[in-house]
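In case you want the letters, here they are:
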Amino acid sequence: MMKQINVNSIAPIRVGMIGAGYMLKLHTLAMRNLASLTDDERDRFELTRLVDTNAALVEHEAIRWGWSQMDTDWRSITRSADIDLVDIATPNDSHHEICLDAFAHGKHVLCEKPLAMNRHQAAEMAHHAAASGKVHIVNFTYRSWPAIVQARQLIQAGKIGKIRHFEGHFFQDHNNDATIPLHWRFQKACAGAGALGDIGSHVIDLARFLVGDIASVSALTQRFIEQRPFPHDRTQSGKVDVDDLAAALVRFENGATGSIKASWALPGYKNDVFFSIVGDKGAIRFSWERSNELQIFDAADEPQLSGYRTVLIGRAHPGAELFWFPALGGELGLGVTAQGIGYGEAFTLSFRHYAQALRTGKSLAPNFIDGLRCCEIIDAILLSAETGAWVDVDKTVIV
Ligand code: SOE
């Protein structure tokens, strides 16, 4: 029997995405996958318009990923009546202008991290975001990861007691290749910071998510590759002026201490988002290189059994129930399967969370205030690295 399939009865969230680079894949995949994975009709995004200044690229990507329209001017998104959510995945130096224009035209805004070039820009953006009454989101995607949400729930339930120490890093090695050209991420004027902004921002955000706000830092930065070839003439090279590595000792407002490190040029590290959090009753540690595992230590275990236990992340953990089980899984008794999930699924979970924020009209964390706090900590780390002194994090109050 042939039957017409019912289409959505609830209007989808109409998205205009700015930037057709690497993040386009993850965002689009997440929005498309979410529609099929969730039964909640409110979790629907419509791929309305894609913009990039590179006309050939935007056409290619819009067709490939199923966007309805394309353009080369971002104002065709921030100022258009047929867009609800402006999704920004452009180089960092453009976030400020695009966000302000989007809020001025009554749009909800999702912005890639780091939110801004520095804390001053970020404060202005957070101020406009709060004043607009619109939903504002910063895509700190690791916050949605089931193992990390589980870690936070255990910490909040008091399982590891009072937190004494946080050790966190994000290490990669892809920029250890000196032939990679001098693109925007290697220039302070476009990126604001190097590895610290690109991936250190994630660890900073996780430190805040899991432990709390940071009061002060003592840091250093290093650059390993000083010159890189120009993208359009590789026989010539130009100066890199951002960090390849940043390392900071940190004091949290709640009295815990710790360290935060980031580098994109440490051979052997492929994508290691790592944290170890130790409290007076136990400890938790996680590494993205074993992202479907969470390690938990309970100081109350009897001495013969004392040690970390490895928990395999699956349907029992927050968010992971969305994935990879038959529609009747529960009834078939497959409630605890754990086939394993990855980077793409992290974005799907993030977008499910953002859909919830958009439908309730509440700027759930991670929002522009979280983006601002992260920029304040990045600035404190850069200042400390420059002066060699401990620096208090300069927190802007947003009302
Ligand atoms: C590149 O270093 C990168 O894609 C970051 O920009 C992302 O935020 C991180 O999730 C993975 O690595």
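The numbering scheme is per chain: residues are counted from 1 as the chain's sequence reads. Under the rules for a predicted model, residues below a pLDDT of 70 receive no local features and side-chain atom pairs below 80 are neither given nor counted, while totals for whole chains, interfaces and linings still include all residues. Neither water nor hydrogens contribute to the side-chain values; these are computed over all heavy atoms in the structure.

1. Some points on the layout of surface pockets
Item 1. Size it by volume and the largest pocket reaches roughly 930 Å³.
Item 2. Cavities and pockets were defined on a 1 Å grid built over protein atoms only: a cavity is a set of grid points that admits a 1.4 Å probe from which the probe cannot escape, a pocket is an open set flanked by protein on both sides within 12 Å along at least five of seven lines, and lining residues are those with an atom within 4 Å of any such point. Forming the walls of the largest pocket are 40 residues, and the residues nearest its centre are Gly21, Tyr22, Ala89, Trp184 and Arg185.
Item 3. Numbering of helices and strands runs from the N terminus; a helix is a DSSP stretch of H or I covering at least four residues, while a strand is a stretch of E covering at least two. Mapped by element, the contributors of at least two residues to the lining of the largest pocket are helix 1 (22–37), helix 4 (95–104), helix 8 (195–210) and helix 9 (343–360).
Item 4. At 3 residues, helix 8 tops the list of elements feeding residues into the lining of the largest pocket.
Item 5. Three classes are used: nonpolar for Ala, Val, Leu, Ile, Met, Phe, Trp, Tyr, Cys and Pro, charged for Asp, Glu, Lys and Arg, and polar for all others, with Gly counted as polar. Here the lining of the largest pocket is built from residues that sort into 17 nonpolar, 18 polar and 5 charged.
Item 6. An automatic or database domain assignment is the source of the domain bounds shown. Viewed by domain, the lining of the largest pocket spans two of them, domain 1 (13–141) and domain 2 (146–290 + 292–341), each represented by three or more residues.
Item 7. Along the walls of the second largest pocket sit 17 residues, with Arg143, Ser144, Val149, His353 and Gln356 positioned nearest its centre.
Item 8. Within the residue set of the lining of the second largest pocket, elements represented by two or more residues are helix 6 (146–156) and helix 9.
Item 9. For the lining of the second largest pocket, the leading source of residues is helix 9, giving 5 residues. Grid points are joined across faces, edges and corners, and a volume is the space filled by probe spheres set on the points.

2. Let's talk about the domain arrangement of the protein chain
Item 1. By domain assignment, the protein chain separates into domain 1 (13–141) and domain 2 (146–290 + 292–341).
Item 2. Each of domain 1 and domain 2 was reduced to a C-alpha centroid, and the two centroids are 25 Å apart.
Item 3. Contact definition: two residues touch when any of their heavy atoms are within 4.5 Å. Taken together, the contact between domain 1 and domain 2 spans 12 residues of the former and 14 residues of the latter.
Item 4. When residues of domain 1 are sorted by the area they lose upon contact with domain 2, Leu37, Lys113 and Phe140 head the list and together hold 45% of the total.
Item 5. Put simply, a salt bridge is a Lys or Arg side-chain nitrogen that is within 4 Å of an Asp or Glu carboxyl oxygen. Between domain 1 and domain 2 we count 1 salt bridge in total.
Item 6. Among the salt bridges present, the one from Lys113 reaches Asp198, with a minimum N-O distance of 3.2 Å.
Item 7. For this analysis, a polar contact is any N or O atom pair within 3.5 Å, provided that within protein one partner can donate a hydrogen and the other can accept it, and provided that sequence-adjacent residues contribute only side-chain to side-chain pairs. Remark: the boundary between domain 1 and domain 2 carries 3 residue pairs in polar contact (both at pLDDT 80 or more).
Item 8. Here the side of domain 1 that touches domain 2 is built from residues that sort into 6 nonpolar, 4 polar and 2 charged. By convention, the term buried area covers the 1.4 Å-probe accessible surface removed from two parts as they join, with the contributions of both added.

3. Thoughts on empty space enclosed by the protein
Item 1. Considering all chains together, one arrives at 2 cavities of 30 Å³ or more under this definition.
Item 2. In this model, the largest cavity occupies a volume close to 80 Å³.
Item 3. As for the largest cavity, its lining consists of Asn292, Ile313, Gly314, Arg315, Ala320, Phe323, Trp324, Thr337, Ala338, Gln339, Gly340 and Ile341.
Item 4. A volume near 60 Å³ is recorded for the second largest cavity.
Item 5. Pro114, Ala116, Met117, Asn118, Ala191, Gly192, Ala193, Gly197, Cys375, Ile378 and Asp379 together form the lining of the second largest cavity.
Item 6. Looking at the lining of the second largest cavity element by element, the count peaks at 3 residues for helix 10 (residues 368–387).
Item 7. Inspection of the lining of the second largest cavity shows a minimum of three residues originating in each of domain 1 (13–141) and domain 2 (146–290 + 292–341).

4. Quick word on the nonpolar core
Item 1. For this analysis, a nonpolar core means a set of buried residues of the types Ala, Val, Leu, Ile, Met, Phe, Trp, Tyr and Cys, connected via side-chain atoms within 4.5 Å. Think of it in three bands: with a 1.4 Å probe and only protein chains considered, a residue is buried below 20% of the maximum accessible area for its type, exposed above 50%, and partly exposed in between. Counting residues in hydrophobic clusters, the biggest one holds 114 residues, and the most contacted among them are Phe45, Trp67, Leu210, Phe275 and Phe368.
Item 2. At 9 residues, helix 8 tops the list of elements feeding residues into this core.
Item 3. Mapping this core onto the domain boundaries places at least three of its residues in each of domain 1 (13–141) and domain 2 (146–290 + 292–341).
Item 4. Residues within four places of Trp67 in sequence aside, it is in contact with Val15, Met17, Leu24, Thr28, Met31, Leu47, Thr48, Arg49, Leu50 and Ala62.

5. Considering the pattern of salt bridges
Proximity of charged atoms lets side chains of opposite charge pair with each other.
Item 1. The full count for this structure, using the stated rule, is 25 salt bridges.
Item 2. Notably, a salt bridge pairs Arg143 with Asp370, separated by 3.5 Å at the nearest N-O pair. On the criterion of sequence distance, the pair formed by Arg143 in the loop between strand 6 (136–138) and helix 6 and Asp370 in helix 10 is long-range, its members being 227 residues apart.
Item 3. Connected through shared salt-bridge partners, Arg143, Asp205, Arg208, Asp213, Glu253, Asp370 and Lys395 make up one network.

6. Section: the site of the ligand
Item 1. Any residue with a non-hydrogen atom lying within 4 Å of a molecule or strand is treated as near it. Taken together, Tyr22, Lys113, Tyr142, Phe170, Gln172, His174, Arg185, Asp198, Ile199, His202, Asn271 and Tyr343 are the residues near the ligand.
Item 2. In the model, an oxygen atom of the ligand is placed 2.7 Å from a nitrogen or oxygen of the Tyr142 side chain.
Item 3. Surface accessibility follows the Shrake-Rupley procedure with a 1.4 Å probe radius. Residue values consider only the protein chains on display as shielding. Alone, the ligand offers 310 Å² of accessible surface; in the complex the protein occludes 92% of this.
Item 4. Occupancy of a cavity or pocket is assigned to a molecule whenever over half of its atoms lie within 2 Å of that pocket's grid points. The pocket occupied by the ligand, as judged from atoms lying within 2 Å of grid points, is the largest pocket.

7. Looking at the packing of aromatic side chains
Item 1. Geometry of aromatic contacts follows a simple scheme: Phe, Tyr and Trp rings, the Trp one being its six-membered ring, pair when their centres are within 6.5 Å, and the pair is stacked under 30 degrees between planes, edge-to-face over 60, tilted otherwise. Going through the model one piece at a time under the given rule, you end up with 15 aromatic pairs.
Item 2. Taken together, the ring pairs connect Tyr142, Trp145, Phe170, Phe275, Phe286, Trp288, Tyr343 and Phe347 into an aromatic cluster.
Item 3. The criterion for a charge sitting over a ring is simple: Lys NZ or Arg CZ within 6 Å of the ring centre, and within 35 degrees of the ring normal. One cation-aromatic arrangement involves Arg251 over Trp390; the distance from NZ or CZ to the ring centre is 4.2 Å.

8. What to know about helix 1
Item 1. In this analysis, the expected span of each helix is defined as 1.5 Å times one less than the number of residues it contains. For helix 1, which comprises 16 residues, the first-to-last C-alpha distance of 23 Å matches the rise-based estimate of 22 Å (1.5 Å per residue) to within 8%.
Item 2. Listed in full, the buried residues belonging to helix 1 are Met23, Leu24, Leu26, His27, Thr28, Ala30, Met31 and Leu34.
Item 3. Of the surrounding secondary structure, the elements contacted by the buried residues of helix 1 are strand 1 (13–18), strand 2 (45–51), helix 2 (55–65), strand 4 (85–88) and helix 9.

9. A few points about the sheet that holds strand 2
Item 1. By this definition, two strands are paired if DSSP reports at least two bridges between them. Spatially, 6 strands are ordered 3-2-1-4-5-6 in an open sheet, and the strand pairing comes out parallel. Two strands lie at the open edges of the sheet, namely strand 3 (69–71) and strand 6, each paired on one side alone. Ignoring which end each strand starts from, the neighbouring axes of this sheet average 20° apart.
Item 2. Judged from the 4 bridges that link them, strand 1 and strand 4 form a sheet pairing that is parallel. Each residue of the ladder has a partner; that of Gly16, found in strand 4, is Val86.
Item 3. On the sheet, helix 1 packs against strand 1, strand 2 and strand 4 and is oriented at approximately 160° with respect to strand 2.
Item 4. Fitting a line to C-alpha atoms yields each axis, with helices limited to the stretch in contact; the angle taken between N-to-C directions then spans 0 to 180 degrees. Where helix 2 meets the sheet, its contacts fall on strand 2 and strand 3, and the angle it forms with strand 2 comes to roughly 165°.

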